[in-house]
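Architecture at a glance
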Amino acid sequence: MLREIVSNEIFTVLLVICLVLLAIAKLLYTKRFHDFINIISNFRYLKVYSKDQKFIDGFEAILFTNLLISGSIFGYLLYENFIGEVKDSYTLLFQIAVGFAAVVLSKVLIERLIGSLFSIDNIMDVYVFQKLSYKNFIGVLLVPINATLLFSISISPTILLTILIVFLLINCIGLIASYKTYQSLIKPNLFYFILYLCALEISPYLVIYKLFIDYA
């Protein structure tokens, strides 16, 4: 009787790359990395490092690369468990990574453009920094989560949905932190803020979901 052997070689390689990236980030930016890890319980990271931003930041670039890789692995697991069997793992992982990168980077560029058009560059830069920081934090969490899902436990839709809800809550914490920072500006312009949330925070993920379903 022939037994089907499931190979996780590509995921092992990707997880090792993620670990190397995190190790590099911790080695090169030790204090910043420790502040970043406590971002949920302490807003020190957001207050201190949002003031000293660069167009291309090495620390953020490393963490964003980790987010792309770990997010692609988790997206793969979602596809496999909610949509169906994957015929070409490499192609699907690549498509998820490219699609995710395109959405996030496009949003950042649009938000920075809005900041320039309405002369609120400083406000928008801090807002974008805060959002990306929480996304990068999710990318760090995904490394041990992906390893556990791939090699330790039996994956179920319930477990995946629970993880997604936790990530949604973390994103909500990020939005609340931004709201608290600029509540005096948002309150008199609440309608425009809600419009912004619908246009640039919710609709892109609906597009991703639609593409995800159509690909099946």
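Let us now look at the overall build of the protein chain. A tally of regular secondary structure across the protein chain gives nine helices and zero strands. Order of helices (α) and strands (β) in the protein chain, N terminus to C terminus: α-α-α-α-α-α-α-α-α. With 216 residues in all, the protein chain has 38% of them scored as buried. Here the analysis covers contacts within the protein chain between residues at least 6 apart in sequence; of these, 77% occur between residues at least 24 apart.

It is characteristic of soluble globular proteins that their nonpolar side chains tend to be buried jointly. Among the nonpolar cores identified, the biggest contains 41 residues, and Tyr45, Phe74 and Tyr76 are the most heavily contacted of them. Mapped onto this core, the elements with two or more residues apiece are helix 1 (9-28), helix 2 (30-37), helix 3 (44-49), helix 4 (58-82), helix 5 (89-117), helix 6 (121-151) and helix 7 (157-181). Per-element tally for this core: the top contributor is helix 4, with ten residues. For tyrosine 76, the residues in contact, after removing those within four places along its chain, are Phe11, Val86, Ser89, Leu92, Leu93 and Ile96.

Quick look at the confidence of the model for the protein chain now. Per-residue confidence for the protein chain gives a mean pLDDT of 82; residues scoring 70 or more make up 84%. The least confident element of the protein chain is helix 9 (residues 190-215), whose mean pLDDT is 67; the most confident is helix 1, at 94. Across residues 1-5 the pLDDT falls below 50, and counting only partners more than four positions away or on other chains, this stretch makes zero contacts in the model.

The next subject is the packing of helix 1 against helix 4. Running from amino to carboxyl end, helix 1 crosses helix 4 at an angle of 155°, the nearest separation of the two axes being 9 Å. It follows that helix 1 is roughly antiparallel to helix 4 by the angle criterion. Pair helix 1 / helix 4 crosses with left-handed handedness. Only Phe59, Ile62, Leu63, Thr65, Asn66, Ile69, Ser70, Ile73 and Tyr76 of helix 4 make contact with helix 1, whose side of the interface consists of Phe11, Leu14, Leu15, Ile17, Cys18, Leu21, Leu22, Ile24 and Ala25. By residue class, the composition of the contact of helix 1 with helix 4 is 15 nonpolar, three polar and no charged.

Throughout the structure, instances matching the rule amount to nine aromatic pairs. Between phenylalanine 36 and tyrosine 45 the ring centres are 5.4 Å apart and the planes differ by 70°, which places this aromatic pair in the edge-to-face class. Across this residue pair, the class does not change: phenylalanine 36 and tyrosine 45 are buried. Seen in terms of ring centroids, phenylalanine 74 and phenylalanine 167 are 5.9 Å apart; in terms of plane orientation they differ by 70°. Their pairing is edge-to-face. You can see phenylalanine 74 sitting in helix 4 and its partner phenylalanine 167 sitting in helix 7, a full 93 residues away along the chain. In this structure phenylalanine 167 comes out as buried when scored by relative accessible area, which is 8%. Ring pairs connect the aromatic residues Tyr29, Phe36, Tyr45, Tyr49, Phe59, Phe129 and Phe137, which therefore count as one cluster.

Okay, a nonpolar patch on the surface next. Taken together, the side chains of Val16, Val20, Ile24, Leu27 and Leu28 define a hydrophobic patch exposed on the protein surface, amounting to about 470 Å² of accessible area. Mapped onto the elements, valine 20 comes out in helix 1.

In this structure the tally under the stated criterion is six salt bridges. One salt bridge connects glutamate 60 with arginine 32, and the closest N-O pair in it is separated by 3.6 Å. With glutamate 60 in helix 4 and arginine 32 in helix 2, the pair connects residues that are 28 residues apart, well separated along the chain. Judged by relative accessible area, glutamate 60 falls into the buried class, the value being 18%. Residue arginine 32 is classed as buried on the basis of its relative accessible area, which comes to 10%. Within this structure, Lys31, Asp35 and Arg44 form a network of salt bridges that share partners.

A word on the packing of helix 2 against helix 6. Running from N to C, helix 2 and helix 6 point in directions that differ by 85°, and their axes come no closer than 10 Å. Between helix 2 and helix 6, the crossing angle belongs to the class labelled roughly perpendicular. Contacts between helix 2 and helix 6 involve Arg32, Phe36 and Ile37 on the former and, on the latter, Phe129, Ser133, Asn136, Phe137 and Val140. A per-class count over the contact of helix 2 with helix 6 returns five nonpolar, two polar and one charged.

Thresholds applied
- In this convention, every chain numbers its residues from 1, walking through the sequence in written order.
- Confidence filtering applies because this is a predicted model: local features only for residues at pLDDT of at least 70, side-chain atom pairs given and counted only at 80 or more, and all residues used for totals across whole chains, interfaces and linings.
- Hydrogen atoms and water are omitted, and side-chain values are computed over all heavy atoms in the structure.
- Strands here mean DSSP runs of E at least two residues long; helices mean DSSP runs of H or I at least four residues long; both are numbered from the N terminus.
- Three labels apply to residues, based on accessible area from a 1.4 Å probe with only protein chains included: buried if under 20% of the type maximum, exposed if over 50%, partly exposed otherwise in between.
- Should any heavy atoms of two residues lie within 4.5 Å, those residues are considered in contact.
- Buried Ala, Val, Leu, Ile, Met, Phe, Trp, Tyr and Cys residues form a nonpolar core when they are joined through side-chain atoms within 4.5 Å.
- For every residue, the pLDDT score states the predictor's confidence, bounded by 0 at the bottom and 100 at the top.
- Every angle, taken between N-to-C directions, lies between 0 and 180 degrees, and every axis is a line fitted to C-alpha atoms, over only the stretch in contact when it is a helix.
- Convention used here: angles under 35 degrees read as roughly parallel, angles over 145 as roughly antiparallel, angles from 65 to 115 as roughly perpendicular, and any remaining angle as oblique.
- Each helix crossing is assigned a hand: it is left-handed if the near helix lies turned anticlockwise from the far helix by less than a right angle, otherwise right-handed if that turn is clockwise.
- Note that Gly is not counted as nonpolar here; it falls among the polar residues with everything else outside the nonpolar set of Ala, Val, Leu, Ile, Met, Phe, Trp, Tyr, Cys and Pro and the charged set of Asp, Glu, Lys and Arg.
- Planes of paired rings set the category: under 30 degrees apart is stacked, over 60 is edge-to-face and the rest tilted, where pairs are Phe, Tyr or Trp rings (Trp by its six-membered ring) whose centres lie within 6.5 Å.
- Distance thresholds for patches are 9 Å for like charges and 5 Å for nonpolar side chains (Val, Leu, Ile, Met, Phe, Trp, Tyr), applied to residues having over 30% relative accessible area and no salt bridge.
- Reported accessibility uses the Shrake-Rupley method at a 1.4 Å probe radius. Residues are deemed covered only where the shown protein chains occlude them.
- In the sections that follow, a salt bridge refers to a side-chain nitrogen of Lys or Arg positioned within 4 Å of a carboxyl oxygen of Asp or Glu.

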